[in-house]
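Understanding the architecture of this molecule
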Amino acid sequence: MTKRIVIDPVTRIEGHAKITVYLNDQNEVSDARFHVAEFRGFEKFCEGRPYTEMAGITSRVCGICPVSHLIASVKAGDAIMAVDIPPAAEKLRRLMNLGQIVQSHALSFFHLSSPDLLLGFDSPPEKRHIFGVAGVDPKLARSGIRLRQFGQEIIEALGGQKIHPAWTTPGGVRGPLDEDECKRLRGWIDEAMSTTQAAITLFKSLVGKYQEEVNSFGTFKSLFMGLVADDGTWENYGGRLRFVDQDRKIVADKIDPADYQEYIGEVVEPYSYLKSPYYKPLGYPDGIYRVGPLARLKLCEQMGTPLADKELAEFRNLGEELTTSSFYYHYARLVEVIACIERVAQLVDDPDIRSPDFRAYAGVNRLEGVGCSEAPRGTLFHHYHVDRDGIIQKVDLLIATGQNNLAMNRTVAQIAKHFIRNGKATDGILNRLEAGVRAYDPCLSCSTHAVGMMPLIVDLVDPSGNVVRQWKRDG
Amino acid sequence: MAAKPKLAVYKFASCDGCQLSLLDAEDELLAVADVVEIAYFLEARTAVQEGPYDVGLVEGSITTKHDVERIKEVRKQCRFLVTIGACATAGGIQALRNWRDVNDFISHVYAHPEYINTLKTSTPVAEHVFVDFELRGCPINKKQLVELVAALVHGRKPRVPTYSVCVECKRRDTVCVAVARGIACLGPVTQAGCGAICPSYYRECFGCYGPKENANSMSLGQHYLAAGKPSMQLVRLLRNFNGHAADFATASTALETANK
């Protein structure tokens with residue numbers, strides 16, 4: 001009989017989740033699982049709504065990355081209308097997606113993960129939060145909050161509000177960006193860049209302290225998937241799909257996102273609402289792949305902007321083996337923020353974003369459409385079937401966090417096996433388990449599109465059936 | 001209220017957007033942390049201080065048996081209980097399941113529906129416990145959130161408008177989309193707070209802030225019907241993030257019945 005250690009819910013990640021650690025008779029860790037336990041049912045209640053409403057509805061899947069859903073949704077809408085959207089529309093959508101990546105990555109690094117990195121995994125829990133960081137390094141906390149604000153204000157400048165902006169639409173967007181807003185954003189670029197550079201310096205100075213974590217937070221062979229431009233440049237809005245292995249060898253390339261189902265299969269494990277996607281040609285579970293910042297850095301040839309490329313070169317110098325550790329998601333996130341800021345700086349100077357031609361109009365010209373974009377956490381797919389009137393018949397959402405599900409499971413198992421001895425887990429070790437999941441910056445509201453709790457057992461039971469311990473922090 | 005009131009933030013079924021509005025109050029965030037003790041906020045911190053709390057902010061709707069029990073505990077822990085956002089206040093977008101068979105939902109999405117233990121409905125917090133104040137919106141407006149916290153610190157009623165979105169359109173000089181463009185818009189029956197964003201992009205208000213005081217959505221629905229709008233379009237318009245709110249629900253049910 002096995003016993004279980006359960007952490008419920010995982011704090012400082014978005015949504016509800018639990019971790020279960022299984023101990024064998026020798027009190028050693030036999031396995032560990034990461035569960036998600038929320039169900040809201042978006043795929044079903046969207047049926048019967050017009051495809052034009054889908055952006056507004058699906059953005060409510062997640063308050064952390066609503067823009068990612070808006071963009072994948074309207075791209076699916078473009079496909080249903082069978083239109084090429086005007087250049088201004090694409091640039092404006094790109095600008096909003098860049099703002100989204102900046103704000104989400106800033107939230108992940110400064111608000112959620114910097115407490116662990118700066119204060120240590122064993123620091124007292126009552127200090128391990130952004131306000132604790134503010135106590136130790138007020139400048140870092142303040143600048144991190146301001147960096148997230150920069151990203152959020154790009155979104156607000158375009159969409160009128162920071163969360164769930166009702167601005168993108170199939171065929172384009174609903175308005176250009178005026179010069180006053182461009183000016184305000186331009187004035188913020190230098191500060192945002194210096195904050196990000198400082199964060200990278202901080203990460204590099206701290207990573208040496210955490211070699212044990214680097215070596216146990218998800219160091220395993222896997223594929224990496226994401227969008228990349230046809231010339232190999234880092235992408236987040238357009239491009240085609242590429243899979244590479246842990247040595248950056250290309251496994252599959254130039255895949256039209258609309259054909260994703262030919263390459264990605266999904267299995268449902270009983271212990272989680274999350275489906276487990278895998279790369280079909282390798283089968284399950286060998287087809288494990290990771291998405292998100294680390295994957296995007298692995299599979300691109302260049303970032304396409306000078307400062308980000310300089311940083312990418314340093315990242316590459318670390319060697320592919322080291323950066324297979326999911327601990328390096330944190331670093332990859334910051335490199336992406338640099339790329340985003342550089343691209344924002346280019347776009348606010350681009351006259352196209354003030355063009356009056358920002359929307360194409362058309363009816364239903366195809367009965368099926370796939371929209372794909374890079375959310376901060378990885379590749380996101382919206383797949384709709386509609387009738388002749390544009391009423392949704394069927395919806396499939398393939399979410400970034402879901403695609404990292406297998407990797408997150410393997411990561412918590414690796415951390416549990418490394419740190420837990422004799423069935424004893426200190427608060428610091430439990431925090432490492434959470435942090436291992438947090439490295440992927442999972443967005444669990446998204447991934448389960450969820451509402452409802454699975455009847456997961458939250459006992460810690462020893463081989464004779466006694467409850468040994470339970471860490472229950474009710475959400 | 002005490003010099004430094006203790007604040008707790010709870011999450012039920014939701015997208016997290018409303019509680020993140022607290023983090024979105026970037027300029028005010030550290031100031032807020034100075035005047036209130038954020039004692040329970042899982043999204044932003046690990047350690048939890050013991051209750052009771054002076055103020056509980058609740059995000060999300062009630063969708064499981066466990067939620068029903070938990071919200072009662074939350075009520076006991078909090079002197080003032082405030083719902084934040086459309087999910088907690090009206091059941092949220094997931095309340096669309098209230099018009100459907102939830103088992104059909106689950107078997108569609110999951111291979112092992114037997115593992116899923118969910119209620120048939122998604123309901124607002126106020127259907128389960130007494131709520132002291134409701135902060136509307138999908139998502140909430142961070143300025144209203146800061147106003148709420150400030151008001152509670154000073155022991156006064158929060159100043160949050162109860163008039164309609166139409167007032168906000170007039171203030172920002174947005175030409176009425178219903179009158180000038182013939183678009184069926186929920187602005188006249190929807191509470192203000194968003195700043196009337198959607199009409200400024202020439203699209204209809206779809207009721208993120210829920211019905212205003214003394215709204216009569218059925219009457220507005222009749223007006224749009226008479227103008228030739230299909231009744232099912234109006235049903236869908238009313239059934240968005242606040243579809244389960246009483247006035248919107250009554251009107252959408254009546255319009256749907258009339259359609260049959």
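Residues numbered from 1 in each chain as written. Chains lettered and ligands numbered in written order. Predicted model: local features only at pLDDT ≥ 70, side-chain atom pairs only at ≥ 80, totals over all residues. Heavy atoms only, no water.

When helices and strands are tallied, chain B shows 12 helices and five strands. In chain B, which comprises 260 residues, the share counted as buried stands at 59%. Of the roughly 10200 Å² of accessible surface on chain B, a fraction of 53% belongs to carbon and sulfur atoms. (Helix = DSSP H or I, 4+ residues; strand = E, 2+ residues; numbered from the N terminus. Buried < 20%, exposed > 50% of the residue type's maximum accessible area, 1.4 Å probe, protein only. Areas by Shrake-Rupley, 256 points an atom, 1.4 Å probe, with all protein chains shown as cover.)

This part takes up the domain arrangement of chain B. All names here are of chain B. Segmentation of chain B into domains returns domain 1 (6-154) and domain 2 (165-259). For the domain 1 and domain 2 pair, buried surface summed over both sides reaches about 1300 Å², with 54% attributable to carbon and sulfur atoms. Counting across the interface, domain 1 meets domain 2 through zero salt bridges. Our count for the contact surface shared by domain 1 and domain 2 stands at seven residue pairs in polar contact (both at pLDDT 80 or more). Classifying every residue of the side of domain 1 that touches domain 2 gives 10 nonpolar, seven polar and two charged. (Domains from an automatic or database assignment. Buried area = accessible area lost by both parts, 1.4 Å probe. Salt bridge = Lys/Arg side-chain N within 4 Å of Asp/Glu carboxyl O. Polar contact = N/O pair within 3.5 Å; in protein donor to acceptor, adjacent residues only side chain to side chain. Nonpolar A, V, L, I, M, F, W, Y, C, P; charged D, E, K, R; others polar.)

A separate point is empty space enclosed by the protein. One number sums up the size of the largest cavity: a volume of about 170 Å³. Forming the walls of the largest cavity are 20 residues, and the residues nearest its centre are Gln161(A), Cys194(B), Ile197(B), Cys198(B) and Cys208(B). It is helix 9 (residues 197-200) of chain B that contributes the most residues to the lining of the largest cavity, three residues altogether. Looking at the lining of the largest cavity residue by residue, the classes come out as 14 nonpolar, five polar and one charged. (1 Å grid on protein atoms, 1.4 Å probe; cavity = no way out; pocket = protein on both sides within 12 Å on 5 of 7 lines; lining within 4 Å. Points joined across faces, edges and corners; volume = space filled by probe spheres on them.)

Turning our attention to the pattern of salt bridges. If the charged atoms of two oppositely charged side chains come close together, the side chains can form a pair. In total, this model carries 36 salt bridges over all chains according to the counting rule given. Here Arg240(A) and Asp230(A) are joined by a salt bridge, their closest N and O atoms 2.9 Å apart. Of this pair, Arg240(A) sits in strand 7 (residues 240-244) while Asp230(A) sits in the loop between strand 6 (223-228) and strand 7, and the two are 10 residues apart along the sequence. Note on Arg240(A): relative accessible area 30%, which makes it partly exposed. When its relative accessible area of 45% is taken as the criterion, Asp230(A) is described as partly exposed. The salt bridge involving Glu204(B) is made with Arg203(B); its shortest N-O contact spans 3.8 Å. Counted as one network, the salt bridges with shared partners bring together Glu179(A), Arg186(A), Asp349(A) and Arg354(A).

Attention shifts here to helix 1 (residues 17-24) of chain B. The buried fraction of helix 1 of chain B is high, at eight of eight residues. Within helix 1 of chain B the residues assigned to the buried category are Gly17(B), Cys18(B), Gln19(B), Leu20(B), Ser21(B), Leu22(B), Leu23(B) and Asp24(B).

Its boundaries defined by the atoms lining it, the largest pocket holds a volume of some 850 Å³. In this structure, the largest pocket is lined by 38 residues; those nearest its centre are Thr52(A), Thr169(A), Arg174(A), Arg359(A) and Glu204(B). Of all elements in the fold, only helix 2 (54-58), helix 3 (66-81) and strand 4 (168-169) of chain A together with helix 11 (231-238) of chain B reach the threshold of two or more residues within the lining of the largest pocket. Among the residues forming the lining of the largest pocket, the class breakdown is 23 nonpolar, seven polar and eight charged. Taken as a whole, the second largest pocket encloses approximately 710 Å³ of empty space. Of all elements in the fold, only helix 6 (138-159) of chain A together with helix 1, helix 6 (142-154) and helix 9 of chain B reach the threshold of two or more residues within the lining of the second largest pocket. Residue contributions to the lining of the second largest pocket peak at five residues, all from helix 6 of chain A. Counted by class, the lining of the second largest pocket contains 13 nonpolar, eight polar and 10 charged residues.

Residues and elements named next belong to chain A. At a closest axis distance of 13 Å, the pairing of helix 6 and helix 13 (residues 329-348) adopts a crossing angle of 45°. Comparing the axis directions of helix 6 and helix 13 gives the class oblique. In this structure, the crossing between helix 6 and helix 13 has a hand that is left-handed. Note on element contacts: helix 13 touches helix 6 through Val337, Ile341 and Val344, opposite Leu147, Phe150 and Ile154. In the contact of helix 6 with helix 13, the residues fall into six nonpolar, no polar and no charged. (Axes fitted to C-alpha atoms, helices over the stretch in contact; angles between N-to-C directions. Parallel < 35°, antiparallel > 145°, perpendicular 65-115°, else oblique. Left-handed = near helix turned anticlockwise from the far one by under 90°. Contact = heavy atoms within 4.5 Å.)

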